[in-house]
Amino acid sequence: MQAGICNTLTPQANEESIQRMIKFLQIRKEQKLQEFSQVHRKPLNTFHLPFWKRVFDVFFAGGALLVLSPLLIGTAIAIRLESKGKVIYKSQRVGSNYQIFNFLKFRSMYTNADKRLKELNVLNQYKMEEDTEDDILEIRLDDLVGTPEEGENLLISDDFIITEEDFQKQKMNSKENPFIKIEKDPRVTRVGRFIRKYSIDELLQLINVLKGDMSIIGNRPLPLYEAELLTSDDYIDRFMAPSGLTGLWQVEKRGGAGKMSAEERKQLDIKYAKDFSFCLDMKILLQTFTAFVQKEDV
């Protein structure tokens, strides 16, 4: 696709058709496909952190780390005493301009908690209601009889076939609900519940701020599996903003009784990306302190 090639073969394609496609691909490769794609690819917009924001981030993060150092050391000791495993949890996150970096947090879960994520998916607050009427049927290879209907494109995997139309439906359903949020998560330790309640687990991200991966105020950087679902024109603007320790959607609903939908969260991220300023950042920072204690157990 990056080379400007988009072609398909039907399940009934003969050897001659396959050989013609292989020859075509070889010719395009010889014509320096990467150069071809770069010439025809539109330049992407990129976000550049304003100088005033970077200066504020460095001074604020540096001062906060000095003041909070006793708390950080005490938290590290408590985590290590309660359960085995590393004190600091690193995960790859996607920030501004879709840049990937190592996101730092105090470990609040038992070791190997990520492996239990699928089995706990039913607890996800953002999980959509299953609609049995819209279930998409995958066609097994053994069940494929005859030829596809006229105008119907089929996508072939190792052990199943699915129509292109149904595949697009699956993709859209995934985009509706990329975020994961579990209430009373059983993977969280006792120390983890405490440091999450008071947001102590997030304090290590001050190091990310000093490194330039994040800003104090901005849109939360997303895990890879969430960010890859937000690459359409409708949501790409949320990445044209700084990644933040706290942000607009956190102070809008955090500490409140209401639940925030995935769509509300995405729209607030986009709003911040378009409207952020020094005054708005100071407002969010003040609201963060007043909403510091969560009422939700998440």
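Preceding this section is the structure that the text describes.
What you see is a predicted model, and the numbers here were worked out from it, not measured in a lab. Counting restarts for each chain, with residues numbered from 1 along the sequence as it is written. Only residues with pLDDT of at least 70 are given local features in this predicted model, and only at 80 or more are side-chain atom pairs given and counted; all residues enter the totals for whole chains, interfaces and linings. The basis for every side-chain value is the complete set of non-hydrogen atoms in the structure, without hydrogens or water.

### What about helix α5 (residues 190–197)?
The following threshold applies: Remark: exposure states derive from per-residue accessible area (1.4 Å probe, protein chains only) relative to the maximum for the residue type, with buried under 20%, exposed over 50%, and partly exposed in between. Helix and strand labels come from DSSP, where a helix needs a run of H or I of at least four residues and a strand needs a run of E of at least two; each type is numbered from the N terminus. Note: the arc covers the axis-to-C-beta directions of the helix. We call two N or O atoms a polar contact when they sit within 3.5 Å, provided that within protein one can donate a hydrogen and the other can accept it, with sequence-adjacent residues counted only if both atoms are side-chain atoms.
Where α5 is concerned, the buried positions are Val191, Gly192, Ile195 and Arg196. On an axial view of α5, the arc spanned by its buried residues comes to 130°, and they lie on one face. The opening residue of α5 is Thr189, an N-cap whose side-chain oxygen sits 2.8 Å from the backbone nitrogen of Gly192. Taken from the residues just after α5, Ser199 is the one with a positive phi, measuring 60°.

### Details of the packing of aromatic side chains
Put simply, the rule is: Stacked, tilted and edge-to-face pairs are distinguished by plane angle, under 30 degrees for stacked and over 60 for edge-to-face with tilted covering the rest, among Phe, Tyr and Trp rings (Trp via its six-membered ring) whose centres lie within 6.5 Å. Whether a charge sits over a ring comes down to the Lys NZ or Arg CZ being within 6 Å of the ring centre and within 35 degrees of the ring normal.
One pass over the full model with this rule turns up seven aromatic pairs. Both rings, one in Phe47 and one in Phe276, keep their centres 6.0 Å apart while their planes meet at 65°; by these two values the pair is edge-to-face. Linking Phe47 in the loop between α2 (33–40) and α3 (51–82) with Phe276 in the loop between α9 (262–275) and α10 (278–290), this pair joins segments that are 229 residues apart in sequence. Accessibility classification places Phe47 together with Phe276 in one group, the buried group. With centroids separated by 5.0 Å and ring planes inclined at 50°, the aromatic side chains of Phe194 and Tyr198 adopt a geometry described as tilted. Here Tyr198 falls in the partly exposed class, since its relative accessible area comes to 29%. Of the aromatic side chains, those joined through ring pairs into one cluster are Phe47, Tyr272 and Phe276. It is Arg93 that lies over the ring of Phe103; its NZ or CZ is 4.1 Å from the centre. Above the face of the Phe239 ring, Arg238 is positioned so that its terminal group lies 4.8 Å from the ring centre.

### Brief notes about the side chain of Lys105
Our working rule: Residues are treated as being in contact if the distance between any of their heavy atoms lies within 4.5 Å.
On the secondary structure map, Lys105 appears in strand β2 (residues 100–106). The residues touching Lys105, leaving out its near neighbours within four places in the chain, are Val87, Ile88, Tyr89, Asp201, Glu202, Leu204 and Gln205.

### Section: the packing of α3 against α5
Rule in force here: What counts as an axis is a line fitted to C-alpha atoms, over the stretch in contact for a helix, and the angles between N-to-C directions run from 0 to 180 degrees. An angle counts as roughly parallel when it lies under 35 degrees, as roughly antiparallel when it exceeds 145, as roughly perpendicular when it falls between 65 and 115, and as oblique in every other case. By the convention adopted, Pro, Cys, Tyr, Trp, Phe, Met, Ile, Leu, Val and Ala count as nonpolar, Lys, Arg, Asp and Glu as charged, and the other residues, Gly among them, as polar.
In the contact formed by α3 and α5, the axes pass within 9 Å of each other and the chain directions differ by 150°. Classified by the interaxial angle, the pair formed by α3 and α5 is roughly antiparallel. Where α3 approaches α5, its residues Thr75, Ala78, Ile79 and Glu82 are matched on the opposing element by Arg190, Val191, Gly192 and Ile195. Among the residues making up the contact of α3 with α5, the classes are represented as four nonpolar, two polar and two charged.

What is shown is where atoms sit, not what they do.
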